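# Geometric and topological summary
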Amino acid sequence: MMRKLTLLAYFILASLLTAGAQEVKNIILLIGDGMGQGAVKMQSLHLYGKPEISYFSYFPVSTLCTTYSSSSAVTDSAAAGTAMATGVKTYNGVLGLQAVASGKHTEFKMLTSIAEKAHAKGMKIALVTQDGLTGATPGAFYAHVRGRGEAAKIAR
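Residues numbered from 1 in each chain as written. Predicted model: local features only at pLDDT ≥ 70, side-chain atom pairs only at ≥ 80, totals over all residues. Heavy atoms only, no water.

This paragraph deals with the overall build of the protein chain. When helices and strands are counted, the protein chain shows 6 helices and 2 strands. For the protein chain, the proportion of its 156 residues judged to be buried stands at 34%. Contacts in the protein chain between residues far apart in sequence, at least 24 positions, make up 49% of those at least 6 positions apart. (Helix = DSSP H or I, 4+ residues; strand = E, 2+ residues; numbered from the N terminus. Buried < 20%, exposed > 50% of the residue type's maximum accessible area, 1.4 Å probe, protein only. Contact = heavy atoms within 4.5 Å.)

Take the pairing of strand E2 (residues 105-110) next. Pairing between strand E1 (residues 97-102) and E2: 6 bridges, direction antiparallel. Looking across to E2, one finds that Ser 102 is bridged to His 105. In this antiparallel pair of consecutive strands, E1 and E2, the connection spans 2 residues, and Gly 103 shows a positive phi of 65°. (Pairing = 2+ DSSP bridges.)

The next subject is the packing of aromatic side chains. Applying the stated criterion across every chain, the model contains 0 aromatic pairs. Residue placement shows Lys 89 over the ring face of Tyr 68; its charged tip is 4.4 Å from the ring centre. (Phe/Tyr/Trp six-rings, centres within 6.5 Å; stacked < 30°, edge-to-face > 60°. Lys NZ or Arg CZ within 6 Å of the ring centre and 35° of its normal.)

This brings us to the pattern of salt bridges. For the structure on display, the rule yields 2 salt bridges. Salt-bridge contacts for Arg 148 lead to Asp 76; the nearest nitrogen and oxygen are separated by 3.3 Å. Pair noted here: Arg 148 is in the loop between helix H5 (136-139) and helix H6 (151-155) and Asp 76 is in the loop between helix H2 (37-48) and helix H3 (77-86), with a separation of 72 residues, a long-range link. Overall, the relative accessible area of 35% leaves Arg 148 in the partly exposed class. Owing to a relative accessible area of 10%, Asp 76 belongs among the buried residues under this scheme. Ionic pairing is found between Lys 153 and Glu 150, a salt bridge with its closest N-O pair at 3.0 Å. In this structure Lys 153 comes out as partly exposed when scored by relative accessible area, which is 48%. Using a relative accessible area of 26% as the deciding quantity, one classes Glu 150 as partly exposed. (Salt bridge = Lys/Arg side-chain N within 4 Å of Asp/Glu carboxyl O.)

Before going further, it helps to spend a moment on the environment of Leu 29. With respect to the secondary-structure elements, Leu 29 resides in the loop between helix H1 (10-19) and H2. Between the alpha carbons of Leu 29 and Leu 127 there is a distance of 9.5 Å; along the sequence they are 98 residues apart.

Listed in full, the 11 residues of the largest apolar core are Ala 78, Ala 85, Leu 95, Ile 114, Ala 115, Ala 136, Ala 140, Phe 141, Ala 143, Val 145 and Ile 154. If we skip the residues at most four places from it in the chain, Leu 95 touches Ala 78, Thr 82, Ala 136, Gly 139, Ala 140, Ala 143, His 144, Val 145, Arg 148 and Ile 154. (Core = buried A, V, L, I, M, F, W, Y, C linked by side-chain atoms within 4.5 Å.)

Before going further, it helps to spend a moment on H3. Of all 10 residues in H3, 10 are buried; the element is thus mostly enclosed. Along H3, the positions that sit buried rather than exposed are Ser 77, Ala 78, Ala 79, Ala 80, Gly 81, Thr 82, Ala 83, Met 84, Ala 85 and Thr 86. Among the residues trailing H3, Gly 87 stands out with phi positive, at a value near 80°.

Among the surface-exposed residues, Ile 27, Met 123, Ile 125, Leu 127 and Leu 133 lie close enough to one another that they form a single nonpolar patch of about 380 Å² accessible area. Within the element layout of this structure, Ile 27 appears in the loop between H1 and H2. (Patch = residues over 30% accessible without salt bridge, like charges linked within 9 Å, V, L, I, M, F, W, Y side chains within 5 Å. Areas by Shrake-Rupley, 256 points an atom, 1.4 Å probe, with all protein chains shown as cover.)

So, about H2. Compared with an ideal rise of 1.5 Å per residue, which puts 12 residues at 16 Å, H2 spans 16 Å between its outermost C-alpha atoms and is within 8% of the ideal. Gly 49 sits one or two positions beyond H2 and adopts a positive phi of about 80°. (Expected span 1.5 Å × (residues − 1).)

By secondary structure assignment, the location of Thr 86 is in helix H3. Within the structure, Thr 86 has its side chain in polar contact with the backbone oxygen of Thr 82 (distance 2.7 Å). A polar atom in the side chain of Thr 86 sits 3.1 Å from the backbone nitrogen of Val 88. (Polar contact = N/O pair within 3.5 Å; in protein donor to acceptor, adjacent residues only side chain to side chain.)

With 85% of its residues at a pLDDT of at least 70, the protein chain reaches an overall mean of 80. Scored below 50 in pLDDT, residues 1-11 makes 52 contacts in the model with residues more than four places away or belonging to other chains. (pLDDT = per-residue confidence, 0-100.)

What follows is the structure, given as structure tokens:
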């Protein structure tokens, strides 16, 4: 299933981790399943009758990212989550690893997610999800597995 995801805070967090900006108490990253620009505009039209009014329009900063995979024009949530969590595209089904074609074989290079970078800097990280914690989107922020169905490995 293709999931279009909108990212509202990734670049804010990335810039805070790399640029030494002022101290920030909390950062909340919201990822809505299927929440592309069209869905946000439809929500605004439904509630307010205008496409440009939504709660998101009041955020001081927002951004978008592409989440297509490196193996298909149609992404899945593992590849999309990895793109959001690490800034690197990977194959469908892969979490936290970059798939690199090497001749007849595919090698996998471990990626570091924004959550792992924040944790390494002493920040506390929490994941809250309606999916299982081993689901592909939340798993992309901490797991490194070749198959999104490997729930036991993702949980470890």
